[in-house]
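Survey of secondary and tertiary structure
The lines below spell out each chain.
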Amino acid sequence: PSGILCELAAEAMAPFLGETDPAVKSRSLRQAIWQCAAAGITSVQTNEIGEGWSAAEAWDMYADMETRGELPCRIFLTPASSEVGKPVAGSSRGHLITCHRVKIFSDGSLGAETAALREGYIREEEEGGVASPSDKAPQSTGGGVSP
């Protein structure tokens, strides 16, 4: 094993993280955002999947930071397909936070070794990848977000 967790595999670590206190989560998020800003990063695209909170909770934390004048960069929030509409697509009052996309996991990628292949990846003994659940095209899910 390489120790690298790809895609939803990060959820396997959730029981070991154990942080449920919203104040600690909020403080950790603030520290991470300010570290990004200190490194010259002006915007962050999040993928709120397996991060220990929902996209709506993350939106609320970012919005609180924005209201207090503590958000030093733009946030492009990306919820999982199961959370479409939570938060509602759009921009925050101060326009530093937006949610105009959703992560739809259909197949995978070669880099993360989650793409469905006929044979396994070189490092693996078993078949690799994640097969698409159906051959149907994605349907509009509402909430201002389309496939």
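Now for a description of the structure that goes with this document. Quick caveat, the model's predicted, so the values are computed rather than measured.

Overview of helix H3 (residues 55-67)
Taking 1.5 Å of rise per residue, the 13 residues of H3 would be expected to cover 18 Å, and the 18 Å separating its terminal C-alpha atoms lies within 8% of that figure. Among all positions of H3, only Ala55, Ala58, Trp59, Met61, Tyr62, Met65 and Glu66 are buried. Angular distribution of buried residues about the axis of H3 spans 165 degrees; they occupy a single face of the element. Structural note: H3 exposes Asp60 and Thr67 on the side pointing more than 90 degrees away from its buried face.

Things to note about the sheet that holds strand S4 (residues 97-99)
Spatial strand order, S1-S2-S4-S3: four strands in an open sheet with mixed pairing. Each edge of the sheet is formed by a strand with only one pairing partner; in this case those strands are strand S1 (43-45) and strand S3 (90-91). Where strand S2 (residues 74-76) meets S4, two bridges bridge the pair, whose relative direction is parallel. The residue of S4 that forms the bridge with phenylalanine 76 is threonine 98. The sheet strands contacting H3 are S2, S3 and S4, and the helix crosses S4 at an angle near 155 degrees.

A look at the pattern of salt bridges
As enumerated under the stated definition, the model contains three salt bridges in all. In this structure, aspartate 64 and arginine 30 form a salt bridge, with 3.0 Å as the shortest nitrogen-oxygen distance. Of this pair, aspartate 64 sits in helix H3 while arginine 30 sits in helix H2 (residues 22-38), and the two are 34 residues apart along the sequence. Note on aspartate 64: relative accessible area 29%, which makes it partly exposed. Its relative accessible area of 19% is what places arginine 30 among the buried residues. A salt bridge links aspartate 64 to arginine 68; its shortest N-O distance comes to 3.0 Å. Linked by salt bridges that have partners in common, Arg30, Asp64, Arg68 and Glu70 make up one network.

Digging into the side chain of glutamate 83
With respect to the element layout, glutamate 83 can be found in the loop between S2 and S3. This buried residue, glutamate 83, is left without a salt bridge; lysine 86 holds the nearest opposite charge, at 6.3 Å. Only 2.9 Å separates the side chain of glutamate 83 from the backbone nitrogen of alanine 55, close enough to count as a polar contact.

Looking at the side chain of arginine 30
A distance of 2.7 Å separates polar atoms of two side chains, one belonging to arginine 30 and the other to glutamate 70. In this structure, arginine 30 is in contact with Asp64, Met65, Arg68 and Glu70, ignoring residues within four places of it in sequence.

Thresholds applied
Residues numbered from 1 in each chain as written. Predicted model: local features only at pLDDT ≥ 70, side-chain atom pairs only at ≥ 80, totals over all residues. Heavy atoms only, no water. Helix = DSSP H or I, 4+ residues; strand = E, 2+ residues; numbered from the N terminus. Expected span 1.5 Å × (residues − 1). Buried < 20%, exposed > 50% of the residue type's maximum accessible area, 1.4 Å probe, protein only. Arc of directions from axis to C-beta. Pairing = 2+ DSSP bridges. Contact = heavy atoms within 4.5 Å. Axes fitted to C-alpha atoms, helices over the stretch in contact; angles between N-to-C directions. Salt bridge = Lys/Arg side-chain N within 4 Å of Asp/Glu carboxyl O. Lys, Arg positive; Asp, Glu negative; His and termini not counted. Polar contact = N/O pair within 3.5 Å; in protein donor to acceptor, adjacent residues only side chain to side chain.

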